[in-house]
Amino acid sequence: MSKMLKFVDLIKETPEKFNSYVRKSNFSEIYKEFIDTKAKEQASRCSQCGTPFCQVHCPLQNNIPDWLKLTAEGRLKEAYEISSSTNSMPEVCGSICPQDRLCEGNCVIEQSGHGTVTIGAIEKFITNTAWENGWIEPIKPLSELNQSVGIIGAGPAGIAAAMELRKEGYKITIYDRYDRAGGLLIYGIPNFKLDKSVVLRRTKLLKDSNIKIINNFEVGQDSTLKELKEKHDAILIATGVYKARQVDTPGSKLKNIFPAMRFLTASNKKGLGDKVKDFDDGTLNAEGKDVVVVGGGDTAMDCVRTAVRQKAKSVSCLYRRDKANMPGSAREVANAEEEGVNFIWLSSPKKFEGNEKVEKVVINKMRLGEPDSSGRQSPKIIEGAEESLKADLVIEALGFEPEEIPKLFNEPELEITKWGTIKTNLRTLKTNIKGVFAAGDIVRGASLVVWAIRDGRDAAKGISEYLNNISLKKTKVA
Ligand SMILES: Cc1cc2nc3c(=O)[nH]c(=O)nc-3n(C[C@H](O)[C@H](O)[C@H](O)COP(=O)(O)OP(=O)(O)OC[C@H]3O[C@@H](n4cnc5c(N)ncnc54)[C@H](O)[C@@H]3O)c2cc1C
Ligand code: SF4
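Residues numbered from 1 in each chain as written. Chains lettered and ligands numbered in written order. Predicted model: local features only at pLDDT ≥ 70, side-chain atom pairs only at ≥ 80, totals over all residues. Heavy atoms only, no water.

Engineer: What is the right way to look at the site of ligand 1 in this model?
Structural biologist: Around ligand 1 sit 34 residues in total, of which Ile-96, Asp-176, Lys-193, Tyr-242 and Asp-441 are the nearest. Contact distances for ligand 1 include 3.0 Å between an oxygen atom and a backbone N or O atom of Leu-184. Lys-193 is positioned such that a nitrogen or oxygen atom in its side chain is 2.9 Å from an oxygen atom of ligand 1. Within the complex, the protein chains bury 97% of what would otherwise be the 1,000 Å² of accessible surface of ligand 1. (Near = heavy atom within 4 Å. Polar contact = N/O pair within 3.5 Å; in protein donor to acceptor, adjacent residues only side chain to side chain. Areas by Shrake-Rupley, 256 points an atom, 1.4 Å probe, with all protein chains shown as cover.)

Rendered as structure tokens:
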């Protein structure tokens, strides 16, 4: 009861805290009734301002004012129908979109200093209510079509495209090199941000909708793109970006220095109940260790916060610029600070030292110099200013680049940009290879789930248009 009172007080003082509490699913269950009421109360705070900046700043252009109004009136089924008409996974976006930079950051009530309407939490609430009430059912197309689409990658872009194309009756097969579907939703984003049951529930829905998912299948190794093209009428490449940038300093080959995805995947697999050798033997388990994470983006924040939850002895985060220039979401940095992470701004690793295994990070202290080509001040080393930090586990979280898809897929003609991302038509997401489309991070570079969903939905329209034209031509010839 005392916990409940504390919760109520927090909500009264800072309505935006509702968002963070509702994200914690255990909490949601305990306070379900309470949250029902709070969601309706929050929804009724929307002034229906008529200038829906929230909607404009949502990459899916979700019809937020309408579903807020319906929620306030208790018409949750209608709210769900509107919300799901533009978003393939509203409960996921409601949990992990950086709302402070998107819809909520542009809410007029927030702009006028009264605290945003908690749009993300309400979106999640509406869809969770829909799941609980059985309103979300497997896709049953009105008619089955003879054409098939092969999708490479079961992340949010691939899943969104699969759902949209299946609704139209296409036969869909998704190929993924992981042993589970979900892409970064399942093995990148930690459980404390996105409960894995949410992803598994979606995957089951795909299977129940007769979407075939072939796991442990790596295009490039188990088949070429050409071979897949022979099996399907159209192909979507939605492979994400996975080439991790690395720290290139003396000692970086010492043991116990790992890329972020290896650390996060091990932790997520453990959370899903798998046996994970590298975790079970202690190698990738932060418990009792001095952990140093290098990087300042959201992936780095996920690593530090995972290490805290694994009961690390200490967790430090090295970032070469200052706090104001952190690329990650300010909310995530604040969360990490609150959880006791030691941020060492303006610092980067000079070298790693140790006897076989890493024992220490020697740090260069930095200052901010002139702006670089991106307009951000470039960090410069302050000669002679060094520090060192004890470390028995170092995690590199410096971002991701695309793998060399044309080479990997044995398709040298596939056009890429100077950043290595796949070049597509902006509207249809068609590549230069006939019948091949691309979507998500492999087109944009490392981005957000909500953008991957948007791309997947746009690519589905492009593919459908393409396949329709082929059928029309065949009909005319016949
Ligand atoms: C640690 C981390 C945390 C993040 N947190 C957030 C967050 O809180 N909010 C947010 O909005 N975004 C977040 N992101 C970004 C977000 O996860 C991505 O933008 C999004 O998942 C991209 O979707 P996608 O479908 O393009 O690719 P992915 O989700 O990367 O999926 C690609 C899929 O393709 C498969 N694949 C790759 N190559 C092959 C191949 N050759 N053959 C077969 N299959 C292949 C992969 O196994 C994977 O399943 C985070 C990213 C990371 C790394
Ligand atoms: S999808 Fe993301 S940006 Fe759009 S309304 Fe939902 S939480 Fe906001």
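This is not the end of the story, as more comes after the structure.
Engineer: How do you make sense of the packing of helix α7 (residues 76-86) against helix α10 (residues 119-132) when you look at a structure like this?
Structural biologist: Axis angle and axis distance: for two packed helices, these are the angle between their axes and the distance between the axes, and together they describe the pair. Between α7 and α10, whose axes approach to 9 Å, the crossing angle comes to 110 degrees. Compared by their axis directions, α7 and α10 come out roughly perpendicular. α7 and α10 meet at a crossing whose hand is left-handed. Contacts between α7 and α10 pair Leu-76, Ala-79, Tyr-80 and Ser-83 from the former with Glu-123, Phe-125, Ile-126, Thr-127, Thr-129 and Ala-130 from the latter. A per-class count over the contact of α7 with α10 returns 6 nonpolar, 3 polar and 1 charged. (Axes fitted to C-alpha atoms, helices over the stretch in contact; angles between N-to-C directions. Helix = DSSP H or I, 4+ residues; strand = E, 2+ residues; numbered from the N terminus. Parallel < 35°, antiparallel > 145°, perpendicular 65-115°, else oblique. Left-handed = near helix turned anticlockwise from the far one by under 90°. Contact = heavy atoms within 4.5 Å. Nonpolar A, V, L, I, M, F, W, Y, C, P; charged D, E, K, R; others polar.)

Engineer: Is there a simple way to think about the pairing of strand β7 (residues 290-294) in this case?
Structural biologist: Burial analysis of β7 places 5 of its 5 residues in the buried class, which makes it a mostly covered element. The side-chain alternation of β7 yields two buried faces, one formed by Asp-290, Val-292 and Val-294 and the other by Val-291 and Val-293. Across 5 bridges, the pairing between β7 and strand β8 (residues 314-318) is parallel. Across the sheet, Val-292 pairs through a bridge with Ser-316, a residue of β8. (Buried < 20%, exposed > 50% of the residue type's maximum accessible area, 1.4 Å probe, protein only. Pairing = 2+ DSSP bridges.)

Engineer: Please clarify how α10 should be interpreted in this entry.
Structural biologist: Two residues of an α-helix separated by three or four positions point the same way, owing to the 3.6 residues in each turn. Compared with the 20 Å implied by 1.5 Å per residue over 14 residues, the 20 Å span of α10 between its first and last C-alpha is a close match. Buried residues dominate α10, accounting for 13 of its 14 residues. (Expected span 1.5 Å × (residues − 1).)

Engineer: Looking at this model, I keep getting lost on the packing of aromatic side chains. Mind explaining?
Structural biologist: In this description, a pair of aromatic rings is defined by centroid distance and the angle of the planes. Applying the stated criterion across every chain, the model contains 5 aromatic pairs. On the basis of an interplanar angle of 45 degrees and a centroid distance of 4.8 Å, the ring pair of Tyr-175 and Phe-217 is categorised as tilted. Here the residue Tyr-175 occupies a position in strand β2 (residues 171-175), and Phe-217 occupies one in the loop between β3 (212-214) and α14 (225-231), the gap between them amounting to 42 residues. Like Tyr-175, the residue Phe-217 is buried in the burial classification. Here the aromatic rings of Tyr-178 and Tyr-242 are separated by 6.3 Å at their centres, their planes lie at 85 degrees, and the arrangement is edge-to-face. Taken together, the positions of Tyr-178 in the loop between β2 and α12 (184-187) and Tyr-242 in the loop between β4 (234-237) and β5 (243-244) put the pair 64 residues apart, joining distant regions of the chain. (Phe/Tyr/Trp six-rings, centres within 6.5 Å; stacked < 30°, edge-to-face > 60°.)

Engineer: Would you explain the sheet that holds strand β9 (residues 342-344) in this entry?
Structural biologist: Strand pairing in a sheet relies on backbone hydrogen bonds, with the paired strands running either antiparallel or parallel. If you trace the 5 strands from one edge of the open sheet to the other, you get β6-β13-β7-β8-β9, paired in parallel fashion. What marks the edges here is a single partner per strand, and that holds for β6 (257-259) and β9. Averaged over all adjacent pairs, the angle separating strand axes in this sheet is 20 degrees, with direction ignored. In this fold helix α17 (residues 298-309) packs onto β7, β8, β9 and β13 (393-396), with an angle of close to 170 degrees to the strand it touches most, β8.

Geometric descriptors of this kind do not, in isolation, establish any biological role.
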